[in-house]
Amino acid sequence: MTGLRTPLTDLVGIEHPVVQTGMGWVAGPRLVAGTSNAGGLGILASATMTYPELEAAVAKTKSLTDKPFGVNIRADATDAKQRVDLLIREGVKVASFALAPKQELIATLKEAGVVVVPSIGAAKHAKKVASWGADAVIVQGGEGGGHTGPVATTLLLPSVLDAVDIPVVAAGGFYDGRGLAAALAYGAAGVAMGTRFLLTQESTVPDSVKQEYLQRGLQDTTVSVRVDGMPHRVLNTELVERLEHSGQARGLVAAVGNAAKFKKMTGMKWSTLVRDGLAMRKTKDLTWAQVIMAANTPMLLRAGLVEGNTAAGVLASGQVVGMLDDLPTCKDLIDSIVADAIARIEEMSKLPG
């Protein structure tokens with residue numbers, strides 16, 4: 001089908017200005033390849049993968065698609081440089097980051113022809129990474145799932161667009177053609193979606209968990225700081241309710257236990273976990289309590305999104321979950337979004353002026 005050409009599609013070499021975000025435990029090879037084969041940009045989530053797992057995931061994704069795709073990397077991870085080298089060696093098109101990567105890392109990637117796209121939550125952060133050479137940014141408003149900020153997309157997006165002259169991809173609250181048309185009208189180069197792609201046929205999230213999402217309304221998410229010490233939008237569940245009403249000491253005890261589980265599962269050394277914790281504390285300006293609680297996130301998300309244990313896990317979700325009632329294929333989803341956006345843009349062009 002006919003696409004919408006924007007600075008994002010030109011920059012990355014994709015057909016449609018639609019990005020699938022790098023959701024931990026969710027954005028694996030099947031979903032990423034499904035998105036990229038449908039003309040969008042799929043992004044692998046590597047923060048919950050060991051280095052060998054990332055190697056295998058990149059190889060698997062390349063076997064499933066010959067279209068451009070990306071990998072999301074934790075800029076503060078102790079092996080970030082090694083992961084960057086892997087992306088360059090394997091010819092991955094896009095490197096995305098949840099935190100601003102160091103200037104040297106951006107330079108290394110750009111020199112190798114990799115497109116650098118950090119996710120940011122404020123105009124000042126966008127200006128900083130743009131001055132360091134970032135090719136584009138993803139900006140997520142408060143409606144988005146996972147770690148999020150307090151400012152709505154409708155205000156955060158224009159503030160970032162006014163601050164930088166690189167392509168800006170809008171995230172937080174997008175799921176259909178109306179949203180894509182609106183984002184383009186603001187001046188964005190495309191949209192990025194997490195929850196909408198989690199609820200597709202290619203997503204490996206257990207069907208029982210997908211049904212849990214589909215039953216929810218617009219009021220059924222909470223921004224909690226009890227999951228890992230930072231604002232985190234998740235579905236309302238009994239576990240989240242208990243976390244919200246538990247004391248910090250109980251949360252810290254749980255986090256230490258989860259850190260031990262994460263260490264065992266990934267084969268990481270305690271020294272590596274400590275180094276990562278120190279890096280997080282420095283880059284995110286966290287207290288030690290928050291650093292320890294951050295160990296909760298991967299294990300609590302894994303319990304819900306991989307094991308399907310909604311009683312023992314948390315389910316990251318954007319507010320948009322209340323608008324979703326189906327499980328399309330990535331192709332059907334992207335085709336319908338783009339077709340609807342084009343139709344709406346054409347209708348607007350007919351308005352008397």
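Residues numbered from 1 in each chain as written. Predicted model: local features only at pLDDT ≥ 70, side-chain atom pairs only at ≥ 80, totals over all residues. Heavy atoms only, no water.

Q: With reference to specific residues and values, describe the overall build of the protein.
A: In terms of helices and strands, the protein carries 16 helices and 11 strands. When each of the 353 residues of the protein is scored for burial, the buried share is 54%. By sequence separation, contacts in the protein at least 24 residues apart represent 62% of the contacts at least 6 residues apart. Here the protein has roughly 15,300 Å² of accessible surface; of this, 54% comes from carbon and sulfur atoms. (Helix = DSSP H or I, 4+ residues; strand = E, 2+ residues; numbered from the N terminus. Buried < 20%, exposed > 50% of the residue type's maximum accessible area, 1.4 Å probe, protein only. Contact = heavy atoms within 4.5 Å. Areas by Shrake-Rupley, 256 points an atom, 1.4 Å probe, with all protein chains shown as cover.)

Q: Describe the sheet that holds strand β7 (residues 146-147), listing the residues and the values that go with them.
A: The sheet built from three strands is open, its strands ordered β7-β11-β10 with antiparallel pairing. In this open sheet, the two edge strands, each paired with only one partner strand, are β7 and β10 (221-224). As paired strands, β7 and strand β11 (residues 232-235) are joined by two bridges and run antiparallel to one another. Looking at β11, one finds that H147 is bridged to H232. (Pairing = 2+ DSSP bridges.)

Q: Tell me what's going on with the pattern of salt bridges, and back it up with residues and numbers.
A: Counted by the stated rule, this structure contains 14 salt bridges. The salt bridge involving K62 is made with E90; its shortest N-O contact spans 2.8 Å. Highlighted residues: K62 in helix α3 (residues 51-64) and E90 in helix α4 (residues 80-90), separated in sequence by 28 residues. Owing to a relative accessible area of 38%, K62 belongs among the partly exposed residues under this scheme. Residue class for E90 comes out partly exposed when judged on its relative accessible area of 28%. Among the ionic pairs, R178 bridges to D176, the shortest N-O distance being 2.8 Å. (Salt bridge = Lys/Arg side-chain N within 4 Å of Asp/Glu carboxyl O.)

Q: Describe the nonpolar core, and please don't skip the residues or the numbers.
A: Residues V160, F197, Y213, L305 and V314 are the most contacted members of the largest nonpolar core, which totals 58 residues. The greatest single-element share of this core, amounting to seven residues, is contributed by helix α16 (residues 330-349). Core analysis: the next-biggest nonpolar cluster, separate from the first, contains 24 residues, L44, F69, V71 and L105 among them. (Core = buried A, V, L, I, M, F, W, Y, C linked by side-chain atoms within 4.5 Å.)

Q: How would you explain the sheet that holds strand β2 (residues 41-45) if you had to name every residue and give the values?
A: Working definition: the strands of a sheet are paired by backbone hydrogen bonds and lie parallel or antiparallel to each other. In space, the eight strands of this closed barrel follow the order β1-β2-β3-β4-β5-β6-β8-β9, with parallel pairing throughout. If you compare each strand with its neighbour and ignore which way they point, the axes differ by 25 degrees on average. Alignment of strand β5 (residues 115-120) against strand β6 (residues 137-140), held across two bridges, turns out to be parallel. Across the sheet, the residue bridging to I120 is V139, located in β6. (Axes fitted to C-alpha atoms, helices over the stretch in contact; angles between N-to-C directions.)

Q: So what about the pairing of β6? Which residues, and what values?
A: In the case of a regular strand, side chains alternate between the two sheet surfaces. Since β5 and β6 lie parallel, the crossover through helix α6 (residues 123-131) that links them has a hand, and here it is right-handed. In terms of strand pairing, β6 meets strand β8 (residues 168-171) through four bridges, oriented parallel. Pairing of V137 across the sheet is with V168, part of β8. (Right-handed = clockwise from strand over helix to strand, strands pointing away.)

Q: Which residues make up the packing of aromatic side chains, and what values go with them?
A: Applying the stated rule across the entire model yields zero aromatic pairs. Sitting over the ring of W25, R302 keeps its end group 5.5 Å from the ring centre. (Phe/Tyr/Trp six-rings, centres within 6.5 Å; stacked < 30°, edge-to-face > 60°. Lys NZ or Arg CZ within 6 Å of the ring centre and 35° of its normal.)

Q: Describe in detail α3, supporting the description with residues and values.
A: The terminal C-alpha atoms of α3 lie 20 Å apart, and with 14 residues this matches the ideal 20 Å at 1.5 Å per residue to within 8%. Residues Y51, L54, A57, V58 and T61 constitute the buried set of α3. Taken down its axis, α3 places every buried residue within 115 degrees of arc, on the same side. Turned more than 90 degrees away from the buried face of α3 sit P52 and S63, all of them exposed. (Expected span 1.5 Å × (residues − 1). Arc of directions from axis to C-beta.)

Q: Give me the lowdown on the pairing of β5, citing residues and values where you can.
A: Counting buried positions along β5 yields five of six residues, so the element is predominantly enclosed. The pairing of strand β4 (residues 94-97) with β5 spans four bridges and is parallel. Of the residues in β5, the one forming a bridge with S96 is V117. Between β4 and its parallel partner β5, the chain crosses via helix α5 (residues 103-111), and the hand of that crossover is right-handed.

Q: So what's going on with the packing of α4 against α5? Residues and values would help.
A: Look at α4 against α5: their axes get within 10 Å of each other, and the N-to-C directions meet at 10 degrees. For the element pair α4 / α5, the angle class is roughly parallel. Once α4 is placed against α5, the crossing between them reads as right-handed. Seen from α4, the contacting residues are A80, K81, V84 and I88; seen from α5, they are L105, T108 and L109. In the contact of α4 with α5, the residues fall into five nonpolar, one polar and one charged. (Parallel < 35°, antiparallel > 145°, perpendicular 65-115°, else oblique. Left-handed = near helix turned anticlockwise from the far one by under 90°. Nonpolar A, V, L, I, M, F, W, Y, C, P; charged D, E, K, R; others polar.)

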